[in-house]
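Secondary and tertiary structure notes
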Amino acid sequence: MTSDVLSSKELSKINPVFGQLSFDNHEQIVFCNDKDTGLKAIIGIHNTVLGPALGGTRMWNYNNEWEALNDALRLSRGMTFKSAITGLNLGGGKAVIIGDAKTQKTPELMRRFGEFVHSLSGKYITAEDVGMTTADMDIVREVTPYVTGISESKGGAGNPSPITAYGVFMGMKAAANFRYGSDILEDKNVFVQGIGHVGESLVEHLTNEGAKVTIADINQERLEEVRAKYDVTIYGGQDIYSEPMDIYAPCALGATINDDTIHKLRADIIAGAANNQLADEVKHGKMLQEKNILYAPDFLINAGGIINVYAELENYDRQEIIRKTENIYNTTLEILDRAKANNITTNVAAMSIAKERIETRKREQQK
Ligand code: NAD
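Keep in mind it's a predicted model, so treat the numbers as computed, not measured.

This brings us to the environment of histidine 284. Tracing the backbone shows histidine 284 in helix α8 (residues 281-290). For histidine 284, a relative accessible area of 3% gives the class buried. Once the C-alpha coordinates of histidine 284 and aspartate 259 are considered, the two residues, 25 residues apart in sequence, prove to be 7.8 Å apart. Sequence-distant contacts of histidine 284, defined by excluding residues within four places in its chain, comprise Ile257, Asn258, Asp259, Ile262, Leu278 and Ala279.

This part is about the sheet that holds strand β7 (residues 189-193). Strand order in the open sheet formed by six strands is β9-β8-β7-β10-β11-β12, and the pairing between neighbours is parallel. On the outer flanks of this sheet lie β9 (232-234) and β12 (294-295), each paired with one strand and no other. Contacting β8 (212-216) and β9, helix α7 (residues 220-229) crosses the sheet at an angle of about 160° to β9.

Here we come to the site of the ligand. The local shell around the ligand holds 21 residues, among which Arg58, Thr164, His197, Asp217 and Ala252 are the closest. Within the side chain of aspartate 129, a nitrogen or oxygen atom sits 3.0 Å from an oxygen atom of the ligand. Here alanine 252 contributes a backbone N or O atom positioned 2.6 Å from an oxygen atom of the ligand. Relative to its unbound accessible area of 830 Å², the ligand is 83% covered by the protein chains. For the shell around the ligand, the elements supplying multiple residues, two or more each, are α5 (161-180) and α6 (197-208). Here the shell around the ligand is composed, by residue class, of nine nonpolar, eight polar and four charged.

What follows is about the packing of helix α10 (residues 304-314) against helix α11 (residues 318-342). Running from N to C, α10 and α11 cross one another at 155°; their axes reach a closest spacing of 9 Å. Classified by the interaxial angle, the pair formed by α10 and α11 is roughly antiparallel. At the point where α10 passes α11, the crossing takes the right-handed sense. Every residue of α11 that contacts α10 at Gly304, Ile307, Asn308 and Ala311 is listed here: Arg318, Ile321, Lys324, Thr325 and Ile328. Looking at side-chain class alone, the contact of α10 with α11 contains four nonpolar, three polar and two charged residues.

This part is about α6. The terminal C-alpha atoms of α6, which comprises 12 residues, lie 17 Å apart, in line with the 16 Å expected from a rise of 1.5 Å per residue. Residues of α6 that are buried include every one of Val198, Gly199, Glu200, Ser201, Leu202, Val203, Leu206 and Thr207, and no others. Of the residues trailing α6, glycine 210 is marked for its positive phi of about 90°.

Note on helix geometry: an α-helix contains 3.6 residues per turn, so any two residues three or four positions apart are oriented the same way. Buried within α8 are the following residues: His284, Gly285, Met287 and Leu288. Projected down its long axis, α8 shows its buried positions confined to an angular sector of 160°, all on one face. For α8, exposure combined with an orientation more than 90 degrees from the buried face picks out Val282 and Glu290. Buried residues belonging to α8 abut β11 (269-270) and β12. The N-capping residue of α8, defined by a side-chain oxygen 3.1 Å from the backbone nitrogen of valine 282, is aspartate 280. One or two residues past the end of α8 sits asparagine 292, with phi positive at roughly 60°.

Now for the packing of aromatic side chains. Using the criterion set out here, one finds four aromatic pairs in the structure. A centroid spacing of 5.2 Å and a plane angle of 70° characterise the contact between phenylalanine 18 and phenylalanine 23, whose relative ring orientation is edge-to-face. Judged by relative accessible area, phenylalanine 18 falls into the exposed class, the value being 63%. With 6.0 Å between their ring centres and 65° between their planes, tyrosine 310 and tyrosine 316 make a pair best called edge-to-face. For the pair tyrosine 310 and tyrosine 316, one class covers both residues: buried.

Quick look at the side chain of asparagine 47 now. Here asparagine 47 lies in strand β2 (residues 39-47). Judged by relative accessible area, which is 17%, asparagine 47 ranks as buried. A distance of 2.9 Å separates a polar side-chain atom of asparagine 47 from the backbone nitrogen of valine 49.

Attention now moves to the environment of glutamine 104. Along the chain, glutamine 104 falls in the loop between β5 (91-98) and α3 (107-118). In this structure the C-alpha to C-alpha distance between glutamine 104 and asparagine 258, which are 154 residues apart in sequence, comes to 31 Å. Contact partners of glutamine 104, with chain neighbours within four places excluded, come to Met59, Gly99 and Leu109.

Attention shifts here to the pairing of strand β1 (residues 28-34). In this sheet, β2 lies alongside β1 in antiparallel orientation, the contact comprising seven bridges. Note on β2: the bridge partner recorded for isoleucine 29 is glycine 44. Between β1 and β2, which pair antiparallel one after the other, the connecting turn spans four residues, and glycine 38 there sits at a positive phi close to 80°.

Here the focus is the nonpolar core. Core analysis: the largest hydrophobic core is formed by 68 residues, its most contacted members being Met172, Val192, Leu202, Val203, Leu206 and Ile215. Among the elements that make up this core, the one with the highest residue count is α5 (10 residues). What valine 192 contacts, discounting residues up to four positions off in sequence, is Gly199, Leu202, Val203, Leu206, Val213, Thr214, Ile215, Ala216, Ala249 and Cys251. If you look at the next biggest cluster of nonpolar residues, it comprises 24 residues, including Ala53, Ala101, Phe113 and Phe116.

The rules behind these values
Residues numbered from 1 in each chain as written. Predicted model: local features only at pLDDT ≥ 70, side-chain atom pairs only at ≥ 80, totals over all residues. Heavy atoms only, no water. Helix = DSSP H or I, 4+ residues; strand = E, 2+ residues; numbered from the N terminus. Buried < 20%, exposed > 50% of the residue type's maximum accessible area, 1.4 Å probe, protein only. Contact = heavy atoms within 4.5 Å. Pairing = 2+ DSSP bridges. Axes fitted to C-alpha atoms, helices over the stretch in contact; angles between N-to-C directions. Near = heavy atom within 4 Å. Polar contact = N/O pair within 3.5 Å; in protein donor to acceptor, adjacent residues only side chain to side chain. Areas by Shrake-Rupley, 256 points an atom, 1.4 Å probe, with all protein chains shown as cover. Nonpolar A, V, L, I, M, F, W, Y, C, P; charged D, E, K, R; others polar. Parallel < 35°, antiparallel > 145°, perpendicular 65-115°, else oblique. Left-handed = near helix turned anticlockwise from the far one by under 90°. Expected span 1.5 Å × (residues − 1). Arc of directions from axis to C-beta. Phe/Tyr/Trp six-rings, centres within 6.5 Å; stacked < 30°, edge-to-face > 60°. Core = buried A, V, L, I, M, F, W, Y, C linked by side-chain atoms within 4.5 Å.

Rendered as structure tokens:
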């Protein structure tokens, strides 16, 4: 059979790495295996034109290796554009560890993972993502300097999640300004899906401003914990995507805006922390535009975390971290304006600015 009669799914099996749909000219993909600790990890290095590829490590119980590889490919690519649009001199990378963070994560496994990171000599710099904590990064730091997001007592900038949440809050306010003519979120009906490290902190900002917040999570204990602290409602329905709301804030995992959910969505604005919210950024970006749902691109508004860890490399202080994070408000408005002026999706508008920056640097390097 020739390739033109094979489906993309069949092709991706014949060409299991470079043939993946999520493959986008990644520079390097590293498969890490260690029998003694049970470590199975994939490090994706998407692009290093602007600097070393920095991005967190996610530990997740993937259903299969395809899922893990695609996550590494999609997430590392996202980091390239996130750093580019935020004006940081960093490339895009990300790592995934296959396994259950609650039961399979051990100090030995983290140390071994750190050794793999070290073997890349700084081309990839890690940090925490879902399933990871600053304490895990402290362990990685024992074997390599190529790690950020370590604890403050060890010279790091600490947990990036509150800064990420603050940036998301800024992006959400900018989107509200664009949509409603005011960035005050008081009385806005906001659904926060996933109230982990970032989600909870976002809930705090929102409730402080008087937004009407509904929270959803698959972890019942977390829901109770968060409700005990803030004035929120726990979502009790069956299908969050069908609920009328002003703002949908996806703060769990990616791809929640997909063929199944997009038709049901009735929000005015989508602004959340999760990476890769659009299952298909071209198709679903366009569909959101047609439905007049304003999408604040995830890689733009969730950049607070990378701004925070970048401070560890560049030695800037807390004030500068806050200033750069608050600037997400201005960049978001700029992108929403650009999208409107050119009748393109907000995602395309953000990507075009990020790509311009990378291409300009590439041309300078080639001179
Ligand atoms: P976390 O692991 O602390 O929290 C994720 C939460 O989502 C958990 O409470 C989990 O139970 C919940 N969840 C998982 N699946 C769910 C589902 N189907 N429905 C509802 N809830 C579900 O992670 P985090 O650090 O808060 O990150 C959240 C998201 O933001 C992730 O997509 C992450 O990649 C992204 N992000 C995080 C940072 C950061 O600084 N931590 C930075 C940028 C982007």
